[in-house]
Amino acid sequence: MTPPPSDSPVGTLHILGVGPGDPELVTLRAARILGQAPAHAFFAKRGRTGHARSIAAPHLNPAAEELRFEYPYTTELSVEDSRYAEGMAAFYDSCAATLAGRLAAGQDVALLCEGDPFLYGSAMYLFDRLRPRFPVEVTPGITAMSGCWSRALAPMVHGDDILSVLPATMPAEELAAALGRCDAAVVMKLGRNLPKLRAVLDALGLTARALYAERGTMPGEVILPLAERDDSPAPYFSLVLVPGRQGAR
Ligand SMILES: C[S@@+](CC[C@H](N)C(=O)[O-])C[C@H]1O[C@@H](n2cnc3c(N)ncnc32)[C@H](O)[C@@H]1O
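Residues numbered from 1 in each chain as written. Predicted model: local features only at pLDDT ≥ 70, side-chain atom pairs only at ≥ 80, totals over all residues. Heavy atoms only, no water.

- In the annotation of an unreviewed UniProt entry, the protein chain is listed under the name Precorrin-2 C(20)-methyltransferase and assigned to Teichococcus aestuarii.
- According to its UniProt record, the protein chain has this under Sequence similarities (unreviewed entry): "Belongs to the precorrin methyltransferase family."
- Recorded under Pathway (unreviewed entry), the UniProt text for the protein chain is reproduced unchanged: "Cofactor biosynthesis; adenosylcobalamin biosynthesis." (UniProt positions renumbered as here; feature names shortened; annotations may be inferred.)

**A look at the sheet that holds strand β6 (residues 163-167)**
Line of reasoning, step 1. Read from one edge to the other, the open sheet built from five strands follows the order β6-β7-β10-β8-β9, with strand pairing classed as mixed. Each having just a single partner strand, β6 and β9 (222-225) make up the two edges of the open sheet. The average undirected angle you get between the axes of adjacent strands in this sheet is 15°.
Line of reasoning, step 2. Relative to strand β10 (residues 238-242), strand β7 (residues 184-188) runs antiparallel, the two sharing three bridges. Residue pairing across strands places V187 opposite V240, the latter belonging to β10.
Line of reasoning, step 3. The sheet contacts of helix α5 (residues 144-151) involve β6, β7, β8 (211-214), β9 and β10, and relative to β10 the element is tilted by about 65°.
Line of reasoning, step 4. Here helix α7 (residues 194-203) sits on the sheet and contacts β7, β8 and β10; the angle it forms with β10, its principal contact strand, is near 5°. (Pairing = 2+ DSSP bridges. Helix = DSSP H or I, 4+ residues; strand = E, 2+ residues; numbered from the N terminus. Axes fitted to C-alpha atoms, helices over the stretch in contact; angles between N-to-C directions. Contact = heavy atoms within 4.5 Å.)

**Considering the side chain of S238**
Line of reasoning, step 1. Mapping S238 onto the fold places it in strand β10.
Line of reasoning, step 2. A distance of 2.7 Å separates the side chain of S238 from the backbone oxygen of P235, its partner in a polar contact.
Line of reasoning, step 3. Excluding anything up to four places from it in sequence, S238 contacts K189, L190, Y212, A213 and E214. (Polar contact = N/O pair within 3.5 Å; in protein donor to acceptor, adjacent residues only side chain to side chain.)

**Thoughts on unusual backbone geometry**
Line of reasoning, step 1. Unlike most non-glycine residues, Y120 shows phi in positive territory, near 55°.
Line of reasoning, step 2. If you trace the backbone, Y120 turns up in the loop between β4 (109-113) and α4 (123-130).
Line of reasoning, step 3. Although it is not a glycine, R215 adopts a positive phi angle of roughly 55°.
Line of reasoning, step 4. With respect to the helices, strands and loops of the structure, R215 is situated in the loop between β8 and β9.

**Looking at the packing of aromatic side chains**
Line of reasoning, step 1. What the rule picks out here adds up to 10 aromatic pairs.
Line of reasoning, step 2. Ring centres of F43 and Y92 lie 6.0 Å apart, and the angle between their planes is 85°; on these two criteria the pair is classed as edge-to-face. Within this pair, whereas F43 is found in strand β2 (residues 39-44), its partner Y92 is found in helix α3 (residues 82-104), the two being separated by 49 residues in sequence.
Line of reasoning, step 3. Judged by relative accessible area, F43 falls into the buried class, the value being 9%.
Line of reasoning, step 4. Judged by its relative accessible area of 6%, Y92 falls in the buried class.
Line of reasoning, step 5. Ring centres 5.3 Å apart and planes at 50° place the aromatic pair F91 and Y92 in the tilted group.
Line of reasoning, step 6. An aromatic cluster is built from F43, F69, Y71, F91, Y92 and Y125, whose rings are joined through pairwise contacts.
Line of reasoning, step 7. Looking at K45, its charged tip hangs above the ring of Y236, at a distance of 4.0 Å from the centre. (Phe/Tyr/Trp six-rings, centres within 6.5 Å; stacked < 30°, edge-to-face > 60°. Buried < 20%, exposed > 50% of the residue type's maximum accessible area, 1.4 Å probe, protein only. Lys NZ or Arg CZ within 6 Å of the ring centre and 35° of its normal.)

And the structure:
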């Protein structure tokens, strides 16, 4: 592609949070930008549609160019393997280069992100790479945790309560210390960590309060007391809520 003259206007990268799953939880602003953007980009696992792409489907400009960024790994390499970090960095470099080509040519691009883009979102890796060179606008999204606690009808924090958001990948001692310092918690990225999390919550006397939420706000949603969930691996779209003190004081 011929580089544009240096005084040509560049496009804007719109990083859009599309919410936790229900397309009705896409904000009016994200829907407007999605309907107008001449190109949209999304991440997807190999062989999958792409979660953010599925959520955004009813709002997309049918004439838009579609840029699919397929993750190089699913489970082939452990995140601890140094080749994983190198491979992911090269992947994000290549995604950023693809977007940079469109932006430098003056085209706006919408980058879709499940939930809110700045909460554990892959879009942040492209933000870091492109922000120094191009205008970027970020549209916040409803997070998975707020989608889940709304569906669970679980008020989370009152007054001066402290809420912690923790990845279940933390070592048990660190999880216990963090949970011991807060009034309410959301534990994400459950995977194979449910037995460890349950043991920590049991030791802190918190299991009776904890809720398990899977595919919150989506078809196939499961919300139940953690005590009723077995210890088999949790699917990707799942989290545990530990609501704070119950009811108003
Ligand atoms: C990479 S993080 C993305 C978080 C997202 N940016 C947000 O604002 O919620 C992915 C984690 O979010 C949680 N998650 C995302 N969507 C969910 C849903 N609909 N129901 C339950 N958990 C969900 C899971 O814990 C999953 O491991």
